Amino acid sequence: MSKKDKGAAKTNAVRLLEKAGVTFETKEYPVDEEHLDARHVADGVGEDISLVFKTLVLKGERTGLFVCVIPGAEEVDLKKAARAAGDKKAEMLPMKELLPATGYIRGGCSPVGMKKPLPTFFHVSALDHPKIYVSAGQRGMQLIIAPQDLINFVGGTAVDLIKD
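Residue positions are counted from 1 within each chain, in the order its sequence is given. With the structure being a predicted model, the display of local features is reserved for residues of pLDDT at least 70 and the display and counting of side-chain atom pairs for 80 or more, all residues being used for whole-chain, interface and lining totals. Side-chain measures were taken over the full set of non-hydrogen atoms in the model, leaving aside hydrogen atoms and water.

1. Notes on the sheet that holds strand S3 (residues 53–60)
Step number 1: At least two bridges found by DSSP between two strands are what make those strands a pair. The way it works is that DSSP assigns letters per residue, a run of H or I at least four long becomes a helix, a run of E at least two long becomes a strand, and they are numbered from the N terminus. Strand order in the open sheet formed by five strands is S5-S3-S4-S6-S9, with mixed pairing between adjacent strands. Taken across any chain shown, the strands that pair with only one partner, and hence form the sheet edges, are strand S5 (90–92) and strand S9 (157–159). Averaged over all adjacent pairs, the angle separating strand axes in this sheet is 35 degrees, with direction ignored.
Step number 2: Sheet analysis places strand S6 (residues 120–123) next to S9, joined by three bridges and oriented parallel. Bridging from a neighbouring strand, Phe122 pairs with Ala158 of S9.
Step number 3: Contacts from helix H5 (residues 147–154) reach S6 and S9, with the element oriented near 165 degrees to S6. Axis definition: a line fitted to C-alpha atoms, over the contacting stretch in the case of helices. Angles run 0 to 180 degrees between N-to-C directions. Contact between two residues is taken to exist if any of their heavy atoms lie within 4.5 Å; hydrogens are not considered.

What follows is the structure, encoded as structure tokens:
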């Protein structure tokens, strides 16, 4: 089932994946409150930034909240994201709304286990890798998981989401 670092905390995301029988691992890394970006996470887990994906929550003009999971070094293309969600315009969810909407804080937002399921879109490059890293639902812990397993678990879709 899952392999965890010794002493790894059980986040909601970890519990949900275990319950569903999804294969994954977790890896902890040192948290630096001043540097919550994906590059710091990649350095912390000792992986290439191309394998570390960040979870962003956006708000469509008409469709409401949705999630984009993109490579850590990339920037989401708001037009592509809106189109994926079936909307004309989208914007990043303001930081103060993240915790109430998802149950997660910046730097610890996982595509798994949000307060309520949201439409979730993964950048297609996730499928180029046997495993990717995403937040396990708290700062300092990452899930290592096969991208297709993650996409299937959250009912996600793989599309082009990043700026050219």
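2. Observations regarding the side chain of Thr55
Step number 1: Of note, Thr55 is situated in strand S3.
Step number 2: Remark: exposure states derive from per-residue accessible area (1.4 Å probe, protein chains only) relative to the maximum for the residue type, with buried under 20%, exposed over 50%, and partly exposed in between. Accessibility expressed as a relative area gives 12% for Thr55, which makes it buried.
Step number 3: Here a polar contact is taken to be a pair of N or O atoms separated by no more than 3.5 Å, where protein atoms must pair a possible hydrogen donor with a possible acceptor and residues adjacent in sequence count only if both atoms sit in side chains. Within polar-contact distance, the side chain of Thr55 engages the backbone oxygen of Cys109 at 3.3 Å.

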